[in-house]
Amino acid sequence: MAFIPIFMKAHYSLISLGLFYFISLGLLTFPVIQNNAIYMQKLKLTWRQDLTQPEQFGFAKNQVTPFYLNTSDGESIFAWHVLPLGAYMEHREELAKQETGLVPEPTKTKNLQLLMKDPEARLIIHFHGNAGTVGAGVRPIYLRSLSAAHPSKIHILAIDYRGFGLSSGTPSEDGLIKDGVAAVRFAVDKLRIPSTHIALVGQSLGTGVTIGVAEALAKQSPPEELAAVITIAGFSNLQELLQTYRIGGYLPILSPLRGYPKLQAYFMKYIIEPWNTTARIGSLVKHSPNLDLILIHAKNDFEIPWRHCDTLFVHAANAAVLMGGGMPLTIAQALEERVVKTYGDESTLALWPKEKSNGRRISQWLVKWGGHNKIVTSAGTAVIVAKALGL
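Residues numbered from 1 in each chain as written. Predicted model: local features only at pLDDT ≥ 70, side-chain atom pairs only at ≥ 80, totals over all residues. Heavy atoms only, no water.

**Student:** What am I meant to see in the overall build of the protein chain here?
**Tutor:** Along the backbone of the protein chain there are 14 helices and twelve strands. Its C-alpha radius of gyration of 22 Å places the protein chain within 12% of the 21 Å reference for a compact globule of 391 residues. Overall size of the protein chain, expressed as C-alpha extent along the three principal axes, is 80 × 55 × 45 Å. Excluding contacts between residues fewer than 6 apart, the proportion of contacts in the protein chain whose partners are at least 24 apart in sequence is 71%. Approximately 18000 Å² of the protein chain is accessible, and the part contributed by carbon and sulfur atoms is 60%. (Helix = DSSP H or I, 4+ residues; strand = E, 2+ residues; numbered from the N terminus. Rg over C-alpha atoms; globule rule 2.2 N^0.38 Å. Contact = heavy atoms within 4.5 Å. Areas by Shrake-Rupley, 256 points an atom, 1.4 Å probe, with all protein chains shown as cover.)

Here you go:
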């Protein structure tokens, strides 16, 4: 009998937890709440730091140029240009004499001049995940590490999407892609960086932005292609993501309803923005004849399972096959036809065969370390990115 109160307390706890879960799902059907839950733009994580003073995030004095760029629909997007450390060391005294803080005319700074005047320079345009800002968490660390494989040549342009950090506006799927296109236009049109010297690198939510931006550029006439399109911890589409995603690697969203498909489908029909990366990646392959697509994912990513990377790879491979008049492959067939090379405990590389790629280069790196976020800081990732830039 003594156990009955314990069981009753456990019973009430489970009921309370269930009610909280379904109330939370119900709230997510409201557009404003859903928007904030997906993008989490209000969760800045840098409240006590000043994004216009990048030295507060571990950078050398004036190594980073903070500025705004404008989008086609009138938003002001906050951005950082990160000078590679080798170039900074060579010009440190001159750079340190510049005024710190927000720069109204970034192209006139020594930092951007070094990029513009170096014919061998390369540029990574980086799109981060949801929540926070360019300075949140490990992001400043991986902005430094991404250029580590060639610390004199690899510059980085990182942006905060509309509604994030100091940027104006409200986030949306179409809006974030416009922000990414604006970053490319700034690099190509204002900085005069050759598109063949630019790689798009996105992480988590930023992978959807990366593929969306690359597709938009490729569908122009004539198509505008970049040196590489790189995703890190990507996802197939928002519906599938919500069925597998765990907040912080622990808290599930729709996976508890796996045994109740009709109930799961009921909540999924309220998803406002699909973020259908699988469809976009097929379109990108179709419209980008010289595409170099690199998909990177950690096997120990407990937020977005690495199987999403398989899905993206297969959709890209199938698009290439269809371009050559072939028949679509199943996931099992496509994965079987990959050319695989291992790098020990670091990673495994899978390449889509050249004879079936129709000029495209499609590769997948599954790494064994880094989880969802730290993977961007790994030495292996830095090497992959540098090689994709032709270094």
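**Student:** Help me understand the pattern of salt bridges, please; the structure alone is not making it clear to me.
**Tutor:** Pairs may arise between side chains of opposite charge once their charged atoms sit close together. Per the counting criterion, the structure on display carries 16 salt bridges. The closest approach of N and O atoms between Glu-215 and Arg-280, which form a salt bridge, is 3.6 Å. With Glu-215 in helix α8 (residues 205–218) and Arg-280 in helix α11 (residues 277–287), this pair connects stretches of sequence that are 65 residues apart. Accessibility expressed as a relative area gives 12% for Glu-215, which makes it buried. Among the residues examined, Arg-280 registers a relative accessible area of 19% and is labelled buried. Here Asp-292 and Arg-361 are joined by a salt bridge, their closest N and O atoms 3.9 Å apart. (Salt bridge = Lys/Arg side-chain N within 4 Å of Asp/Glu carboxyl O. Buried < 20%, exposed > 50% of the residue type's maximum accessible area, 1.4 Å probe, protein only.)

**Student:** Looking at this model, I keep getting lost on the pairing of strand β3 (residues 122–127). Mind explaining?
**Tutor:** For a regular strand, side chains alternate in direction, first toward one face of the sheet and then toward the other. Of all six residues making up β3, six are buried, and the element is well covered by its neighbours. Residues Arg-122, Ile-124 and His-126 line one face of β3 and the alternating positions Leu-123, Ile-125 and Phe-127 line the opposite face, and both faces are buried. As paired strands, β3 and strand β4 (residues 154–159) are joined by six bridges and run parallel to one another. Opposite Ile-125, over in β4, you have Leu-157 as the bridge partner. Tracing the backbone out of β3, into helix α6 (residues 139–145) and back to the parallel element β4 gives a crossover that is right-handed. Pairing between β3 and strand β5 (residues 198–203): five bridges, direction parallel. (Pairing = 2+ DSSP bridges. Right-handed = clockwise from strand over helix to strand, strands pointing away.)

**Student:** Whenever I open this one, the nonpolar core confuses me. Can you help?
**Tutor:** Note that soluble globular proteins tend to have their nonpolar side chains buried in a common cluster. Of all hydrophobic cores here, the largest spans 74 residues; its most connected members are Ile-125 and Leu-293. Among the elements that take part in this core, helix α12 (residues 307–323) stands out by supplying nine residues, more than any other. By size, the runner-up hydrophobic cluster in this structure holds 34 residues, among which are Leu-51, Phe-59, Ile-230 and Val-376. (Core = buried A, V, L, I, M, F, W, Y, C linked by side-chain atoms within 4.5 Å.)

**Student:** What am I meant to see in the sheet that holds strand β9 (residues 292–298) here?
**Tutor:** In any sheet, the strands associate via hydrogen bonds between backbone groups, in a parallel or an antiparallel arrangement. The ten strands are arranged β1-β2-β4-β3-β5-β6-β9-β12-β11-β10 in an open sheet whose pairing can be described as mixed. The open sheet has two edge strands, β1 (64–70) and β10 (339–343), and neither has a second partner. With strand direction ignored, the average angle separating the axes of adjacent strands in the sheet is 20°. Here four bridges tie strand β6 (residues 228–232) to β9, and the two strands are oriented parallel to one another. Within β9, the position partnered with Ile-230 by the bridge is Ile-294. In the packing of α8 onto the sheet, contacts are made with β3, β5, β6 and β9, and the angle to β5 comes to roughly 145°. Of the strands in this sheet, β3, β4, β5, β6, β9 and β12 (361–367) touch helix α14 (residues 379–388), which is tilted by about 175° from β9. (Axes fitted to C-alpha atoms, helices over the stretch in contact; angles between N-to-C directions.)

No statement about biological role is implied by the geometric values presented.
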